Amino acid sequence: MPDHTISSTPIAPPNDASKTQLVQWAIGRISAQDLDSLRNFWTADTTVHFPTGTCHGHAEIAAYFEQVFAALADFTLEIVSVAESEHDVLVHWHLTGQHVGTFMGIAGTGRRIDLEGFDHFVVENGHVVTNTVRYDQMEFARQIQLLPADGSIADRAVKAAFNAATRVRHLARRRQGR
């Protein structure tokens with residue numbers, strides 16, 4: 001079971017661990033907001049592809065997570081399932097927290113966040129080479145009320161306005177001969 005305790009002393013990744021165990025350790029350190037320990041797992045060459053942008057190297061990755069931790073009080077990241085094949089480790093995770101600070105330019109709303117997502121880690125020689133993170137950004141936007149709830153009156157109005165604008169653009173292109 002991963003150690004989720006917050007520590008002021010960096011905790012090294014486990015020795016002689018499988019790639020799955022290394023990723024489980026890393027998820028535990030992320031949940032504990034222990035970026036100092038994670039710097040032992042990321043390298044200057046690690047690349048992480050987040051839905052909101054790409055970070056290169058441990059400094060950029062740590063800065064991204066600092067923003068996440070500042071924006072989400074009670075941040076918790078738990079593993080739902082893991083699969084490993086050679087250098088690849090796929091993780092299905094569950095994230096919870098409260099949106100209290102600015103994240104990607106969106107001021108804190110005080111809303112609870114409850115999301116599931118996936119990470120695809122490529123691990124070689126005990127370090128992350130690449131990590132691709134995916135979660136439903138529309139669901140996040142709905143949970144913080146940036147977007148209206150699916151099927152609500154406001155949602156139907158937004159979709160109707162979008163569809164009307166699409167029809168107008170389509171007609172304009174047809175008239176221009178495109």
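The present account deals with the structure reproduced in this document. (Residues numbered from 1 in each chain as written. Predicted model: local features only at pLDDT ≥ 70, side-chain atom pairs only at ≥ 80, totals over all residues. Heavy atoms only, no water.)

**Here's the deal with the overall build of the protein**
Here is step 1 of the chain: Secondary structure assignment for the protein yields five helices and six strands.
Here is step 2 of the chain: Counting helices and strands in the order they occur from the N terminus, the protein gives α-α-β-β-α-β-β-β-β-α-α.
Here is step 3 of the chain: For the protein, whose C-alpha radius of gyration is 20 Å, the value lies well above the compact-globule estimate of 16 Å for 178 residues.
Here is step 4 of the chain: In terms of its C-alpha atoms, the protein occupies a principal-axis envelope of roughly 65 × 40 × 30 Å.
Here is step 5 of the chain: Within the span of the protein, comprising 178 residues, buried residues form 34% of the whole. (Helix = DSSP H or I, 4+ residues; strand = E, 2+ residues; numbered from the N terminus. Rg over C-alpha atoms; globule rule 2.2 N^0.38 Å. Buried < 20%, exposed > 50% of the residue type's maximum accessible area, 1.4 Å probe, protein only.)

**Here we look at the nonpolar core**
Here is step 1 of the chain: Of all hydrophobic cores here, the largest spans 37 residues; its most connected members are Val 23, Phe 41, Trp 42, Phe 65, Phe 75 and Phe 121.
Here is step 2 of the chain: Secondary structure elements with two or more residues in this core: helix H1 (19-31), helix H2 (35-38), strand E1 (47-50), helix H3 (57-71), strand E3 (72-85), strand E4 (88-99), strand E5 (112-124) and strand E6 (127-135).
Here is step 3 of the chain: Sorting elements by how many residues they give to this core places H3 first, with seven residues.
Here is step 4 of the chain: Each residue touching Phe 121, except ones within four places of it in the same chain, is listed here: Val 23, Ile 27, Phe 41, His 87, Asp 88, Val 89, Val 91, Val 128, Thr 130 and Asn 131. (Core = buried A, V, L, I, M, F, W, Y, C linked by side-chain atoms within 4.5 Å. Contact = heavy atoms within 4.5 Å.)

**Thoughts on empty space enclosed by the protein**
Over the atoms rolls a probe the size of a water molecule, and in doing so it shows where empty space is left.
Here is step 1 of the chain: Counted by the stated rule, this structure contains one cavity of 30 Å³ or more.
Here is step 2 of the chain: Lining the largest cavity are 26 residues, with Tyr 64, Phe 65, Trp 93, Leu 95 and Val 133 positioned closest to its centre.
Here is step 3 of the chain: Ranked by residue count, the leading element in the lining of the largest cavity is E5, at four residues. (1 Å grid on protein atoms, 1.4 Å probe; cavity = no way out; pocket = protein on both sides within 12 Å on 5 of 7 lines; lining within 4 Å. Points joined across faces, edges and corners; volume = space filled by probe spheres on them.)

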